[in-house]
Amino acid sequence: MTPFVRHEGIVAPLLRDNVDTDQIIPSREMKTVSKTGLGEGLFASWRYTDEKTRTPNPEFILNRPGFEKATILLAGRNFGCGSSREHAVWALSGYGIRAIIAASFGSIFHTNCVRNGILPITLDMEAIQDIADIATKKPVKMTIDLQQQCLLWEASGEPIKFQIDPSDREMLVKGLDPIGLTMQHRQQILDFMDQQKTLRPWLFPETD
Amino acid sequence: MTLFDKLWDRHLVCRLDSGEDLIAIDRVFLHERTGGVALASLAERNLPILDPGRVYCTMDHIVSTLPGRGADDARMPGGETFITETRRQARRAGINLIDVNDPRQGIVHVVAPELGIVQPGMTLVCPDSHTCSLGALGALAWGIGSSEAEHAMATGTLRLTKPKNMRITIDGTLARGVTAKDLVLHIIARIGVGAGKGYAVEYAGSTIAAMDVEARLTLCNMAVEYAAFTAVIAPDGVTQSYLEGRPHAPTGALWEQACADWMSLRSDSDAGYDVEYHFQAEDVLPMVTWGISPEQAIPADGTIPAIDSLPPDKRESARRACEYMGVRPGMPLAGLPISGVFIGSCTNARLSDLRAAAAVLRGHRVAPGIRAICVPGSQTVKRAAEKDGLDQVFIDAGFEWREPGCAMCFYAGGEHMGEGARVASTTNRNFESRQGPRTRTHLMSPAMAAAAAITGTLVDGRALTEVSS
Ligand code: SF4
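The model shown is predicted, which means the values in this text are computed figures rather than measured ones. (Residues numbered from 1 in each chain as written. Chains lettered and ligands numbered in written order. Predicted model: local features only at pLDDT ≥ 70, side-chain atom pairs only at ≥ 80, totals over all residues. Heavy atoms only, no water.)

A. A look at the overall build of chain A. A count of helical and extended segments in chain A gives 8 helices and 9 strands. With respect to the three principal axes, the spread of C-alpha positions in chain A is 65 × 45 × 25 Å. Counting over 208 residues, chain A shows a buried share of 56%. The contacts in chain A between residues at least 6 apart in sequence include a share of 63% that link residues at least 24 apart. (Helix = DSSP H or I, 4+ residues; strand = E, 2+ residues; numbered from the N terminus. Buried < 20%, exposed > 50% of the residue type's maximum accessible area, 1.4 Å probe, protein only. Contact = heavy atoms within 4.5 Å.)

Here's what the structure looks like:
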């Protein structure tokens with residue numbers, strides 16, 4: 001996975017609350033049995049006036065001049081709630097989004113982000129609104145420093161600090177593969193299973 | 001310790017340097033929508049499944065639900081690949097596959113309990129957000145993404161930060177015609193869609209104790225709709241008798257041993273919770289959603305709230321909801337004409353749900369111009385319903401009687417009720433375009449949906465149930 005240490009990119013504000021994963025990628029856009037090639041379906045219902053011909057909706061933030069190349073999404077409350085589909089995250093990364101700043105996240109979506117190298121940042125609604133007030137008017141660049149846990153952008157002299165779970169930060173900064181990490185505990189896992197087999201044998205069905 | 005603490009502790013393999021807990025996973029359940037991707041990705045990386053005998057896969061999300069469907073028929077163009085690829089991968093991986101026309105096939109959260117695959121005290125994960133349903137049996141079950149499913153299959157564990165404890169206590173007796181669906185909509189309307197974030201919820205109280213397992217499944221199903229990690233209910237005699245004799249339930253001496261273990265799974269009387277809520281069952285009325293978030297729900301005979309009466313942070317989404325749903329603040333919901341009715345989904349497509357709907361429908365016809373569809377949650381439910389003659393009640397009333405699957409619970413790109421259709425639905429999500437392009441979904445219980453089908457409008461179904469009983 002691509003490590004996330006420092007990233008500079010354009011911010012696209014999309015401040016609706018409760019944007020669910022069906023909106024991030026509608027089911028009908030999940031056409032392949034694959035994790036790639038989903039960027040086109042990102043926000044399809046809002047992004048296109050005609051989804052078949054992919055006619056862009058000029059009102060939608062990612063279609064406005066200068067915002068097409070946005071890599072940082074600024075969102076409201078409960079972003080990524082709803083269906084657990086990881087396709088939502090694959091669509092975002094397929095489009096080129098590297099970080100999402102929101103007041104809160106759907107929890108499955110949050111984990112999916114970290115597992116795919118997208119940085120989910122939680123800020124309070126007031127701070128988000130302040131950024132949006134400026135970032136909506138014209139495309140602005142922001143720098144995210146994950147190690148320092150802060151955001152920097154031209155309109156604010158002071159870096160904006162953010163909190164993140166240390167294990168999430170570690171995973172992202174080092175671009176770690178969680179399966180590989182957990183495999184280091186393989187013996188412990190097998191021992192645990194053996195112990196369970198004695199304690200609660202019904203948990204281990206005979207394979208049919 | 002709480003029930004949740006106990007479930008967590010007995011699966012704790014070790015604490016990781018990262019501060020996360022490594023939690024042992026007893027069952028992984030897949031479906032064709034994401035199962036094929038996860039299995040293919042493991043194969044590509046040469047990662048074997050630790051214990052394929054503990055991994056199950058059903059076909060539910062995009063299978064056709066039309067009578068006489070073929071084994072590869074999908075309900076959207078291109079969907080066949082998901083079915084055939086998942087089947088191929090599942091066979092190759094040697095996991096337990098419940099294929100399209102298997103007599104056990106059905107929606108994952110309907111199938112897991114009715115086959116006894118999920119049991120009290122287990123951890124079960126599935127790449128589907130409504131896996132929390134299974135907490136109804138005292139299991140620790142939650143929805144995950146595909147990467148996490150791969151992790152669980154390859155390592156037999158997941159890396160997790162432990163959620164906090166919340167208890168929702170409901171005491172008293174639900175009125176006639178008021179169901180677990182109404183209760184959960186009532187709860188979400190009160191506490192809000194974000195209230196469960198970061199919490200594992202335990203449902204407790206005399207109302208829960210009196211509920212059968214199917215009602216408990218409905219209640220737990222929607223925990224994710226208020227952002228909870230999951231919900232759990234302590235296993236009791238009701239759980240035990242529900243599981244006894246199910247195909248995957250333990251038997252003989254193992255059954256006795258398992259039951260003794262399950263009965264120890266309850267919160268200590270001095271257990272502490274980070275948050276507690278109390279509800280009184282008598283306060284719950286039949287509920288209907290009016291908006292595009294499950295918290296936008298009111299009693300069926302109520303009126304849509306004035307925007308100003310809402311907390312400031314709810315006003316914008318209420319405005320959007322009114323616009324999308326074609327309703328206005330102050331407007332009564334009852335009497336609003338609908339064009340479709342959907343009875344199905346992992347929330348409300350078990351036998352008791354179909355019985356409740358059929359009780360309302362018996363001797364009535366669906367109003368002219370209404371398209372009404374009933375999709376049993378599984379083959380097992382369908383067979384049981386047909387044995388009771390319920391299929392005939394639905395068909396005589398003018399309903400379509402389908403093959404099991406998720407069907408119109410979500411729009412997959414194929415069949416829908418029509419652009420902008422207003423639908424009375426027993427599902428769990430009223431999100432924009434969830435059921436079809438610009439579909440306006442009103443969530444409610446099966447009996448209420450049946451009543452709406454007969455009148456052709458949203459209606460407080462209790463009047464009709466009184467008449468027909
Ligand atoms: S019935 Fe609906 S909510 Fe349930 S698993 Fe299927 S798609 Fe998801």
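And the narrative resumes.
B. Quick peek at the overall build of chain B. Looking only at helices and strands, one finds 16 helices and 19 strands in chain B. Computed over the C-alpha atoms, the radius of gyration of chain B is 21 Å, within 12% of the 23 Å expected from 2.2 N^0.38 for a compact globule of 469 residues. Taking the principal axes of the C-alpha coordinates as reference, chain B spans close to 55 × 55 × 45 Å. Each of the 469 residues in chain B was classed as buried or not, and the buried ones make up 67%. Residue pairs in contact within chain B that sit at least 24 positions apart in sequence constitute 75% of those at least 6 positions apart. Surface summary for chain B: the accessible area is close to 14,600 Å², and the carbon and sulfur share equals 51%. Averaging the locations of the 45 positively and 54 negatively charged side chains of chain B gives two centres separated by 3 Å. (Rg over C-alpha atoms; globule rule 2.2 N^0.38 Å. Areas by Shrake-Rupley, 256 points an atom, 1.4 Å probe, with all protein chains shown as cover. Lys, Arg positive; Asp, Glu negative; His and termini not counted. Charge placed at Lys NZ, Arg CZ, Asp CG, Glu CD.)

C. Focus on empty space enclosed by the protein. Residue and element names in this part refer to chain B. Taken as a whole and assessed by the stated rule, the structure comprises 5 cavities of 30 Å³ or more. By volume, the largest cavity amounts to about 230 Å³. Taken together, 21 residues make up the lining of the largest cavity; nearest its centre are H61, D128, H130, F410 and R434. Residues from two domains meet in the lining of the largest cavity; each of domain 1 (15-158) and domain 3 (287-463) gives at least three. (1 Å grid on protein atoms, 1.4 Å probe; cavity = no way out; pocket = protein on both sides within 12 Å on 5 of 7 lines; lining within 4 Å. Points joined across faces, edges and corners; volume = space filled by probe spheres on them. Domains from an automatic or database assignment.)

D. Region of interest: the interface of chain B and chain A. Listed per partner, the contact involves 66 residues of chain B and 60 residues of chain A. Here chain B and chain A share an interface that buries about 5,100 Å² over both sides, 57% of which is from carbon and sulfur atoms. Note that R115 of chain A and E148 of chain B form a salt bridge whose closest N and O atoms lie 2.6 Å from each other. Counting every contact that joins chain B to chain A gives 21 residue pairs in polar contact (both at pLDDT 80 or more). For the side of chain B that touches chain A, the element with the most residues is helix α5 (residues 146-155) of chain B, which contributes 7 residues. Partitioning the side of chain B that touches chain A into residue classes produces 25 nonpolar, 21 polar and 20 charged. (Buried area = accessible area lost by both parts, 1.4 Å probe. Salt bridge = Lys/Arg side-chain N within 4 Å of Asp/Glu carboxyl O. Polar contact = N/O pair within 3.5 Å; in protein donor to acceptor, adjacent residues only side chain to side chain. Nonpolar A, V, L, I, M, F, W, Y, C, P; charged D, E, K, R; others polar.)

E. Region of interest: the packing of helix α6 (residues 180-191) of chain B against helix α8 (residues 213-221) of chain B. Residues and elements named next belong to chain B. Their axes nearest at 8 Å, the elements α6 and α8 cross at an angle of 25°. Comparing the axis directions of α6 and α8 gives the class roughly parallel. Of the two elements, α6 crosses α8, and the hand of that crossing is right-handed. Seen from α6, the contacting residues are A180, K181, L183 and V184; seen from α8, they are A215, T218 and L219. (Axes fitted to C-alpha atoms, helices over the stretch in contact; angles between N-to-C directions. Parallel < 35°, antiparallel > 145°, perpendicular 65-115°, else oblique. Left-handed = near helix turned anticlockwise from the far one by under 90°.)

F. Layout of the pattern of salt bridges. Applying the stated criterion to the full structure yields 39 salt bridges over all chains. Salt-bridge contacts for R6 of chain A lead to D145 of chain A; the nearest nitrogen and oxygen are separated by 3.1 Å. Of the two residues, R6 of chain A is situated in strand β1 (residues 6-14) and D145 of chain A in strand β7 (residues 141-145); the sequence distance between them amounts to 139 residues. Exposure remark for D145 of chain A: the relative accessible area of 11% places this residue in the buried category. In the salt-bridge network here, residues are joined through shared partners; they are D72, R87, R91 and D99 of chain B.

G. A negative patch on the surface, seen in detail. All names here are of chain A. Residues D124, E126, D130 and D133 make up a contiguous surface patch of negative charge. Topologically, E126 is positioned in helix α5 (residues 125-135). With a relative accessible area of 62%, E126 lands in the exposed category. (Patch = residues over 30% accessible without salt bridge, like charges linked within 9 Å, V, L, I, M, F, W, Y side chains within 5 Å.)

H. The nonpolar core, seen in detail. One finds F29, I168, I170, Y203 and Y226 of chain B to be the most contacted residues of the largest nonpolar core, which totals 71 residues. Ranked by residue count, the leading element in this core is α6 of chain B, at 7 residues. (Core = buried A, V, L, I, M, F, W, Y, C linked by side-chain atoms within 4.5 Å.)

I. Summary view of the layout of surface pockets. Considering only enclosed or pocket space, the second largest pocket measures out at about 830 Å³ in volume. Taken together, 30 residues line the second largest pocket, and the ones lying closest to its centre are S107, H110 and T111 of chain A together with T161 and K197 of chain B. Those elements giving two or more residues to the lining of the second largest pocket turn out to be α4 (107-115), β6 (119-122) and α6 (166-174) of chain A together with β7 (140-143) and β8 (157-160) of chain B. For the lining of the second largest pocket, the leading source of residues is α4 of chain A, giving 6 residues. Across the lining of the second largest pocket, the residue classes break down as 10 nonpolar, 11 polar and 9 charged. When residues of the lining of the second largest pocket are sorted by domain, at least three fall in each of domain 1 (15-158) and domain 2 (164-283) of chain B.

J. Representation of the site of the ligand in the model. Residues and elements named next belong to chain B. Around the ligand, the surrounding shell consists of H61, I107, H109, D128, H130, S345, C346, C406, C409, F410, N428 and R434. Counting atoms within 2 Å of the grid points, the majority share of the ligand lands in the largest cavity. The residue makeup of the shell around the ligand, split by class, is 5 nonpolar, 5 polar and 2 charged. There are two domains that each give the shell around the ligand at least three residues, and those are domain 1 (15-158) and domain 3 (287-463). (Near = heavy atom within 4 Å. Sits in = over half its atoms within 2 Å of the grid points.)

K. Spatial organisation of the sheet that holds strand β11 (residues 230-232) of chain B. Residue and element names in this part refer to chain B. In space, the 4 strands of this open sheet follow the order β11-β10-β9-β12, with parallel pairing throughout. In this open sheet, the two edge strands, each paired with only one partner strand, are β11 and β12 (275-280). Adjacent strand axes in the sheet meet at a mean angle of 20°, parallel and antiparallel pairs treated alike. Contacts from α6 reach β9 (164-171), β10 (199-204) and β12 within the one sheet, and its direction differs from that of β12 by about 130°. (Pairing = 2+ DSSP bridges.)

L. Here's a closer look at unusual backbone geometry. Positive phi values are uncommon outside glycine, yet Q149 of chain A reaches one of about 55°. Looking at where Q149 of chain A falls in the secondary structure, it is placed in the loop between β7 and β8 (150-153). At A227 of chain B, a residue that is not glycine, the phi angle is positive and equals roughly 75°. If you trace the backbone, A227 of chain B turns up in the loop between α8 and β11. You can call A227 of chain B buried: its relative accessible area is 14%.

M. Geometry of the domain arrangement of chain B. Residues and elements named next belong to chain B. Looking at chain B, the domain boundaries give domain 1 (15-158), domain 2 (164-283) and domain 3 (287-463). A straight line from the C-alpha centre of domain 1 to that of domain 3 covers 27 Å. Listed per partner, the contact involves 25 residues of domain 1 and 25 residues of domain 3. For the pairing of domain 1 and domain 3, the buried interface totals around 2,000 Å² over both sides, and the portion due to carbon and sulfur atoms is 55%. Considering only the side of domain 1, the residues that lose the most area to domain 3 are T65, R75 and I107, jointly responsible for 33% of the buried surface there. Inspection of the region where domain 1 meets domain 3 yields 0 salt bridges. At the junction of domain 1 with domain 3, the criterion picks out 14 residue pairs in polar contact (both at pLDDT 80 or more). A class-by-class count of the residues in the side of domain 1 that touches domain 3 yields 11 nonpolar, 7 polar and 7 charged.

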